[in-house]
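Structure assessment
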Amino acid sequence: MSRLIISNILFIILILIPSNIFSWGFKAHKDINNAAVFTLPKAMFGFYKKNIDEITERAVNADKRRYAIAEEGCRHYLDADQYEKSLPLDTIPHNWNDAVKKYTKDTLMAYGILPWYLQLFRGKLIKAFEKKDAFQIIKLSADIGHYAADLHVPLHATKNYNGQLTNQIGIHSLFESRMYELFSLDYNLMTGKAKYIDNINETIWERFSQSVAAVDSVFLLEKLASAKFPNKYVLNSKGTSSEKVYNKEFCKYYNKLLNGMIERRIKSAIDLVGSLWYSCWVDAGQPDLQNLKFELPENNDDDKNIFQKIFDRSKMLGRDDE
Ligand SMILES: [Zn+2]
């Protein structure tokens, strides 16, 4: 094969494999969980601050689980455009059982179940607070942080999740990883205090609707930026290998066109995460968390270690790039 063909093949492979195949990228997920701790009222803050490293590290467990459990993948997204062409999302039942009745469970699993899945955590976290089970409180809080953050990514709300339907392949990691890595230092992640949410299920759908509303702009503005920067890639060396990534000038321009969208979505995620933790604690009767100690359970059913091992040596199951 000629060098040109080889380099073209290499180029295609590199573009098809996103530089970071995880939702929001590991860094953003960790930052969101970390920042959410600082939204909490005094009565919760001490316990969460003491365990902030666990909460932060565990922010990405849900993505690691995707390497071990086939059903995990669909919990990270919902292709809203499979069911509804425009907002509001009023024909998709917001209640899981009604949705199963309308679409069947197999269909729902095929196009993603994120908002319904996140709703489940309310009951679980309230129970953990009532039992004062420090391990479960931390584990569930970290997972809530992950799924609530995914809920804020517009590319987790569409079938065209990596631009594969519009010749924009690679946009997924561009939006949620590359751009975050380049510009997050400029973000102000202060969001104010966590708020009590009266109707958690509806709030989850509201935030998801905002992601759906942003989908068109994410694609349209990338097209505009691409028109201005036809050579939008650069080869980044990583140890002994190199990867093709979007170059900084292109990213800067795309970020300017997005006009703060990524920062707003991140802040909204932090606000929702803190508010979900707080609301569950209130609904559990505001238990005293002061003397709770985080300890791994005796049977050690801790997915952090189990999934880390699988993650280190294997391949993601199901649809990638989410
Ligand atoms: Zn995810």
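For the structure, see preceding data.
Structure report, in brief. (Residues numbered from 1 in each chain as written. Predicted model: local features only at pLDDT ≥ 70, side-chain atom pairs only at ≥ 80, totals over all residues. Heavy atoms only, no water.)

**Considering empty space enclosed by the protein**
What the rule picks out here adds up to two cavities of 30 Å³ or more. Estimated volume of the second largest cavity: approximately 30 Å³. Every residue lining the second largest cavity is listed: Leu 118, Phe 121, Arg 122, Ile 144, Ile 200, Leu 276 and Cys 280. Among the elements of the structure, α8 (114-131) and α13 (261-283) are those that each provide at least two residues to the lining of the second largest cavity. Take the lining of the second largest cavity: its biggest share by element is three residues, from α8. (1 Å grid on protein atoms, 1.4 Å probe; cavity = no way out; pocket = protein on both sides within 12 Å on 5 of 7 lines; lining within 4 Å. Points joined across faces, edges and corners; volume = space filled by probe spheres on them. Helix = DSSP H or I, 4+ residues; strand = E, 2+ residues; numbered from the N terminus.)

**Overview of the layout of surface pockets**
A probe matching the size of a water molecule, rolled over the atoms, marks out where space remains unfilled. The volume enclosed by the largest pocket comes to roughly 290 Å³. Around the largest pocket sit 18 residues that line it, and Asp 81, Lys 85, Val 212, Val 215 and Asp 216 are the ones nearest its centre. Considering only enclosed or pocket space, the second largest pocket measures out at about 210 Å³ in volume. Residue assignment for the lining of the second largest pocket shows that the elements contributing at least two residues are α6 (96-103) and α8. Across the lining of the second largest pocket, the residue classes tally to seven nonpolar, five polar and two charged. (Nonpolar A, V, L, I, M, F, W, Y, C, P; charged D, E, K, R; others polar.)

**Focus: the environment of Phe 135**
The residue Phe 135 is located in helix α9 (residues 134-150) in this model. It is 8.1 Å that separates the C-alpha atoms of Phe 135 and Lys 293, two residues lying 158 residues apart in sequence.

**Digging into the environment of Arg 264**
Its place among the elements puts Arg 264 in helix α13. In sequence terms Arg 264 and Asn 188 are 76 residues apart; their C-alpha atoms lie 9.7 Å from each other. Sequence-distant contacts of Arg 264, that is, excluding residues within four places in its chain, are made with Leu 258 and Asn 259. A polar contact is formed between the side chain of Arg 264 and the backbone oxygen of Asn 259, at a distance of 2.7 Å. (Contact = heavy atoms within 4.5 Å. Polar contact = N/O pair within 3.5 Å; in protein donor to acceptor, adjacent residues only side chain to side chain.)

**Here's the deal with unusual backbone geometry**
Going from Leu 87 to Pro 88, the amide bond is cis rather than trans, its omega being -5°. One non-glycine residue, Thr 104, adopts positive backbone phi at about 80°. Tracing the sequence through the fold places Thr 104 in the loop between α6 and α7 (105-111). For Thr 104, a relative accessible area of 42% corresponds to the partly exposed category. (Buried < 20%, exposed > 50% of the residue type's maximum accessible area, 1.4 Å probe, protein only.)

**Some words on the pattern of salt bridges**
Here the structure, examined in full by the defined rule, presents ten salt bridges. The shortest N-O distance in the salt bridge between Glu 57 and Lys 30 comes to 3.3 Å. Taken together, the residues Glu 57 in helix α4 (residues 52-57) and Lys 30 in helix α2 (residues 25-37) connect sequence positions 27 residues apart. For Asp 283, the salt bridge goes to Arg 122, with nearest N and O atoms at 2.9 Å. Of this pair, Asp 283 sits in helix α13 while Arg 122 sits in helix α8, and the two are 161 residues apart along the sequence. Under the relative-accessibility criterion, Arg 122 is labelled partly exposed at 33%. A single salt-bridge network, built from bridges that share partners, covers Arg 65, Glu 72, Arg 75 and Asp 143. (Salt bridge = Lys/Arg side-chain N within 4 Å of Asp/Glu carboxyl O.)

**A closer look at the nonpolar core**
Counting 87 residues, the largest nonpolar core has Tyr 48, Phe 129, Phe 175, Tyr 254 and Trp 277 as the members making the most contacts within it. Element by element, the count of residues in this core is highest for α13, at twelve residues. Residues contacting Tyr 48, with those up to four places away along its chain left out, are Val 37, Leu 40, Ile 55, Phe 129, Ile 137, Ser 141, Trp 277 and Leu 289. (Core = buried A, V, L, I, M, F, W, Y, C linked by side-chain atoms within 4.5 Å.)

**Quick notes on the packing of aromatic side chains**
Counted under the stated rule, the structure contains 19 aromatic pairs. Ring geometry for Tyr 117 against Tyr 147: centres 5.2 Å apart, planes inclined by 80°, an arrangement best described as edge-to-face. Of this pair, Tyr 117 sits in helix α8 while Tyr 147 sits in helix α9, and the two are 30 residues apart along the sequence. For the pair Tyr 117 and Tyr 147, a shared accessibility class is recorded, and that class is buried. (Phe/Tyr/Trp six-rings, centres within 6.5 Å; stacked < 30°, edge-to-face > 60°.)

**Quick look at helix α10 (residues 171-183)**
The largest bend in α10 amounts to roughly 30° and is located at Ser 177. Counting buried positions along α10 yields eleven of 13 residues, so the element is predominantly enclosed. Within the span of α10, buried status applies to Ile 171, His 172, Ser 173, Leu 174, Phe 175, Glu 176, Ser 177, Arg 178, Met 179, Tyr 180 and Phe 183. Here the buried face of α10 lies against α2, α11 (200-228), β1 (233-238), β2 (241-246), α12 (248-258) and α13. (Bend = angle between axes of the 7 residues up to and from the residue.)

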